[in-house]
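Descriptive analysis of the structure
Here is what each chain is made of, one letter per residue.
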Amino acid sequence: SCAPQNDGIISRNVNQWSYTYIGLYGYTFWESGSRAAQLFEARGWTHVVSDDLIMTAMFMSSMIIGCTTACLGLIVAEMDGFSFTSLNKPISTAFLICLFLGFFLSCAFLSIIEGSVSAILVCYAAAPVDFHANHHKLSEEMKSAWKHFWLQKPIVNNNGR
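This text gives an overview of the structure that appears in the document. What you see as residue numbers is a count from 1 along each chain, following the sequence as written. Per-residue local features of the predicted model are confined to residues with pLDDT of at least 70, and side-chain atom pairs are confined, for both listing and counting, to 80 or more; whole-chain, interface and lining totals are unaffected and use all residues. Remark: hydrogens and water are excluded; side-chain values derive from all non-hydrogen atoms of the structure.

Thoughts on the overall build of the protein
Elements are defined by DSSP. Helices are runs of H or I of four residues or more, strands are runs of E of two residues or more, and each kind is numbered from the N terminus. A count of helical and extended segments in the protein gives eight helices and zero strands. Think of it in three bands: residues with accessible area under 20% of the maximum for their type are buried, residues over 50% are exposed, and the middle band is partly exposed, with areas taken using a 1.4 Å probe on protein chains only. Going through the 161 residues of the protein one by one, you find that 23% of them count as buried. In this description, accessible areas are obtained by the Shrake-Rupley approach with a 1.4 Å probe, and a residue is regarded as covered only by the protein chains that are shown. Accessible surface for the protein amounts to roughly 11,200 Å². Of this, 65% is attributable to carbon and sulfur atoms.

Rendered as structure tokens:
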């Protein structure tokens, strides 16, 4: 009976933007999530922040780096005769060790980029006027890119055209 109500509250207050708000403003986790949700709703950006494009791109990059590292481990194990372990299947062991090593290390490093993008979006949503006043050229470039990628409908005048 109360689960659907609590589900909305939890999904609104527990989100990836909470961590950004904590880092920027120092609020508690719960309050940060709520303030971030309010900020994006006030700007009309809920569809933008619910898009996981950056996270998906970082995950795919980590997968590619992990597979490349695994292939490099295979080459080293096969050509050099280097044994990563004393198990019976050194080729598959080398592949798996290098796959996990490459994947997890790249995830750790690429999470810095994810956090940076989150901080940029939160700062731009919170203070676009300040950004424009201090960095006019960058502000114009960001507005132009924003309109190009996120303007869903063409602007219609009062005559309906």
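Some remarks on a nonpolar patch on the surface
Here a patch means residues that are over 30% exposed by relative accessible area and free of salt bridges, tied together within 9 Å if like-charged and within 5 Å if nonpolar (Val, Leu, Ile, Met, Phe, Trp, Tyr). Salt-bridge detection follows one rule: a side-chain nitrogen of Lys or Arg within 4 Å of a carboxyl oxygen of Asp or Glu. Taken together, the side chains of L101, L105, F109 and I112 make up a nonpolar region of the molecular surface, amounting to roughly 430 Å² of accessible area. The residue I112 is located in helix 6 (residues 90-126) in this model.

Topic: the pattern of salt bridges
A full pass over the atoms with the stated rule returns two salt bridges. The residue E140 makes a salt bridge to K143 at a minimum N-O spacing of 4.0 Å. Here E140 and its partner K143 are both found in helix 8 (residues 136-150), three residues apart, which amounts to about one turn of the helix. By relative accessible area, which is 36% here, E140 ends up partly exposed.

Observations concerning the nonpolar core
In globular proteins that are soluble, nonpolar side chains generally tend to be buried together. Throughout, nonpolar core names a set of buried Ala, Val, Leu, Ile, Met, Phe, Trp, Tyr and Cys residues whose side chains join them through atoms within 4.5 Å. Ranked by size, the top nonpolar core spans 13 residues in total, and within it W17, F40, W45 and V122 carry the most contacts. Of all the secondary structure elements, the ones that give two or more residues to this core are helix 2 (17-25), helix 3 (29-43), helix 4 (46-49) and helix 6. A per-element tally of this core places helix 6 first, with four residues.

Quick look at helix 2
Where helix 2 is concerned, the buried positions are W17, S18, T20 and Y21. Looking straight down helix 2, one finds its buried side chains confined to an arc of 160°; they lie on one side. Exposed side of helix 2, more than 90 degrees from the buried face: Y19 and G23 are the residues found there. Think of it as the arc spanned by the lines of direction from the helix axis to the C-beta atoms.

A closer look at the packing of helix 2 against helix 3
In this analysis an axis means a line fitted to C-alpha atoms, helices contributing only their contacting stretch, and an angle means the value between N-to-C directions, from 0 to 180 degrees. Look at helix 2 against helix 3: their axes get within 8 Å of each other, and the N-to-C directions meet at 105°. By the criterion of interaxial angle, the relationship of helix 2 to helix 3 is roughly perpendicular. Packed against helix 2, whose contacting residues are W17, S18, Y19, Y21 and I22, the element helix 3 presents F29, S32, G33, R35, A36, L39 and F40 at the interface. Note on angle classes: values under 35 degrees are labelled roughly parallel, values over 145 roughly antiparallel, values of 65 to 115 roughly perpendicular, and the remainder oblique. Contact criterion: two residues are considered in contact whenever any of their non-hydrogen atoms come within 4.5 Å of each other.

Observations concerning the environment of I91
Considering the arrangement of structural elements, one finds I91 in helix 6. Judged by relative accessible area, I91 falls into the partly exposed class, the value being 36%. As a C-alpha pair, I91 and E78 span 13 residues in sequence and 7.3 Å in three-dimensional space. Sequence-distant contacts of I91, that is, excluding residues within four places in its chain, are made with L74, A77 and E78.

Examining the packing of aromatic side chains
Pairing of aromatic rings covers Phe, Tyr and the six-membered ring of Trp, with a centre-to-centre limit of 6.5 Å; geometry is then stacked below 30 degrees between planes, edge-to-face above 60, and tilted otherwise. Summed over all chains, the structure comprises nine aromatic pairs. An angle of 40° between the planes, with centres 6.1 Å apart, marks the rings of Y25 and Y27 as tilted. The exposure class of Y25 is partly exposed, given its relative accessible area of 40%. Note on Y27: relative accessible area 27%, which makes it partly exposed. On the numbers, 5.9 Å between centres and 85° between planes, the contact of F59 with F103 is edge-to-face. Of this pair, F59 sits in helix 5 (residues 53-80) while F103 is found in helix 6, placing the two residues 44 residues apart along the sequence.

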